[in-house]
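Structural overview for review
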Amino acid sequence: MGNKSARKPRKLTVYLYIPNIIGYIRVLMNCVAFAICFSNKRLFSLLYFISFVCDGIDGWCARKFNQVSTFGAILDMVTDRISTACLLVILSQVYRPGLTFLLLLALDIASHWFQMYSTFLSGKVSHKDVKDSTSWLFRAYYGNRMFMAFCCVACEVLYITLFLLAEKPTEKLTDVLVKSVRESPFLLLLLASSIFGWTIKQAVNVIQMKTAADVCVLHDITKKRAS
Amino acid sequence: MADKPVRKPRKLTVYIYIPNIIGYIRVLMNCVAFAICFSNKRLFSLLYFISFICDGIDGWCARKFNQVSTFGAILDMVTDRISTACLLVILSQVYRPGLTFLLLLALDIASHWLQMYSTFLSGKVSHKDVKDSTNWLFRAYYGNRMFMAFCCVACEVLYITLFLLAEKPTEKLSDVLLKSARENPFLLLLLALSIFGWTIKQAVNVIQMKTAADVCVLHDITKKQAP
């Protein structure tokens, strides 16, 4: 009797990996959070924050339990994109001008979409593996994981803070910012540091969109030359 | 004197291809449209409709002028995703329950993101080239380009119609649908047809999300088997 060949993992096995189950819990938490976001702002912020923490935990679990999967990475990315999008949606409902948040939503979707395409076209593993870029901001951002994490966290903190600060059904963005800054030095510090991190992240989004578009264009040019 | 080598196209050349210029015009039109969507609903609908037409035109131009480019295809896809997303955002502002449209936004982003990954991982050219799927709905949808186009158009028509039908700043979705269906037989027909096409498209989105997730999982399984 020959040796049984290594049993190939079934599809269901990958779907039930621990980090992927954490991913499903994140999705459910976000659904509940956005269902109650206007009726219970504090619970919404708590659920959103827990989901954000899980975002870091599932990556750690994947490496620790040797359960890294492409599906898990995509589930993670898609959940991030959708939760940020929904947060920008409710901010655009509460704040005037709403167009500000529509533009941020557009930038988030466009920059990540282009980045994903350019990652595939140039055969890199992740859009975070940007070693050959000459932009100093790029290198500062991607070269230093702590700084990158700070900017990402700053974005989410800014959006959640803005949502919590809104008292009336519709608020003017500038009014709320100025009022909060005057009332509380703690808020001033929080808003200042989160706006700083947010600015860096949006600038990187714009630059990466252009860089990624260049990769797509160069891909076509190289293909035409080789034919 | 040796022959001069064929001059390779510069990056700028691809950026100013005619279909890509149409793409930039679409982006600008959408920015203007969503900036004025609440103050001038008719102009908004007209601009959105023109942008939708251009979506078909730029593909035709690309083939006719031999200016097909990866960048152009991505620009097209990203513009579609963002314009649909923004339309769902303003519908979620106007209609209760707003969560309905947040869920549709999540489905749109998630299904297209997963489809894109699975297209790359399985080496297909486009997510529309689905020849090997055994699902009857899939084959009906992707096998018949007219039917597919009808469903896509139906979605956009439904969303724009819902936006135009809303008179108060906040409306209940079911109330507006019932009222319009009773008042006007033409509206009844339009809503019925577009809801039919919309249902098919959303069902296909859900199925394709599952199919694409399977492709990602199988990709990992195959990789593990062949070290």
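Coordinates for the structure precede this section.
My aim in this report is to walk through the structure given alongside it, one point at a time.

The subject of this paragraph is the nonpolar core. Of all hydrophobic cores here, the largest spans 112 residues; its most connected members are Phe44, Tyr95 and Trp113 of chain A together with Phe44, Tyr95 and Trp113 of chain B. Not counting chain neighbours up to four residues away, the residues in contact with Tyr95 of chain A comprise Phe101, Leu162, Leu165, Ala166, Glu171, Lys172, Leu173 and Val176 of chain A.

Attention now moves to helix α6 (residues 136-143) of chain A. Residues and elements named next belong to chain A. Within α6 the residues assigned to the buried category are Leu137, Phe138, Tyr141 and Tyr142. All buried residues of α6 lie within an arc of 110° about the axis, which places them on one face of the element. Turned more than 90 degrees off the buried face of α6, the exposed positions are Trp136 and Gly143.

It is worth spelling out the state of the cysteines at this point. Enumeration over the complete set of coordinates arrives at zero disulfides over all chains. Here Cys37 of chain A stays unpaired: no disulfide links it, and the sulfur of Cys86 of chain A, its closest cysteine neighbor, is 8.9 Å away. Relative accessible area serves as the criterion here: at 2%, Cys37 of chain A is assigned to the buried category. Left unpaired, Cys37 of chain B is separated from the closest cysteine sulfur, that of Cys86 of chain B, by 8.9 Å. Using a relative accessible area of 2% as the deciding quantity, one classes Cys37 of chain B as buried.

Residues and elements named next belong to chain A. Mapped onto the elements, Leu107 comes out in helix α5 (residues 99-121). When its relative accessible area of 16% is taken as the criterion, Leu107 is described as buried. For Leu107, the residues in contact, after removing those within four places along its chain, are Gln202, Asn205, Val206 and Met209.

So, on to helix α4 (residues 70-94) of chain A. An ideal rise of 1.5 Å per residue puts 36 Å on 25 residues; α4 of chain A measures up with 37 Å between its terminal C-alpha atoms. Among the 25 residues in α4 of chain A, 24 count as buried, and that is most of the element.

The next point concerns the pattern of salt bridges. As a working rule, side chains carrying opposite charge can pair if their charged atoms are close by. Going through the model one piece at a time under the given rule, you end up with 16 salt bridges over all chains. For Glu183 of chain A, the salt bridge is made with Lys179 of chain A, and the minimal N-O distance between the two is 3.7 Å. Of this pair, Glu183 of chain A and Lys179 of chain A are both found in helix α8 (residues 173-183), four residues apart, which corresponds to roughly one turn of the helix. Between Lys168 of chain B and Glu171 of chain B there is a salt bridge, with the nearest N and O atoms lying 3.6 Å from each other. Residue Glu171 of chain B is classed as buried on the basis of its relative accessible area of 9%. One network of salt bridges, in which partners are shared, links Arg26, Asp55, Asp76 and Asp80 of chain A.

With that settled, consider unusual backbone geometry. Pro97 of chain A follows Arg96 of chain A through a cis peptide bond whose omega is 5°. Tracing the chain through its elements places Pro97 of chain A in the loop between β1 (95-96) and α5. Put simply, Arg96 of chain B and Pro97 of chain B share a cis peptide bond, and its omega is 0°. Residues other than glycine seldom take positive phi values, yet Asn66 of chain A does so here, at roughly 55°. Mapping Asn66 of chain A onto the fold places it in the loop between α3 (41-64) and α4. A positive phi is found at Asn66 of chain B, a non-glycine position, where the angle reads about 55°. Asn66 of chain B sits in the exposed class, given a relative accessible area of 62%.

Conventions we followed
- Residues numbered from 1 in each chain as written.
- Chains lettered and ligands numbered in written order.
- Predicted model: local features only at pLDDT ≥ 70, side-chain atom pairs only at ≥ 80, totals over all residues.
- Heavy atoms only, no water.
- Core = buried A, V, L, I, M, F, W, Y, C linked by side-chain atoms within 4.5 Å.
- Buried < 20%, exposed > 50% of the residue type's maximum accessible area, 1.4 Å probe, protein only.
- Contact = heavy atoms within 4.5 Å.
- Helix = DSSP H or I, 4+ residues; strand = E, 2+ residues; numbered from the N terminus.
- Arc of directions from axis to C-beta.
- Disulfide = S-S within 2.5 Å.
- Expected span 1.5 Å × (residues − 1).
- Salt bridge = Lys/Arg side-chain N within 4 Å of Asp/Glu carboxyl O.

Note that all results are geometric; they support no functional claim without further evidence.
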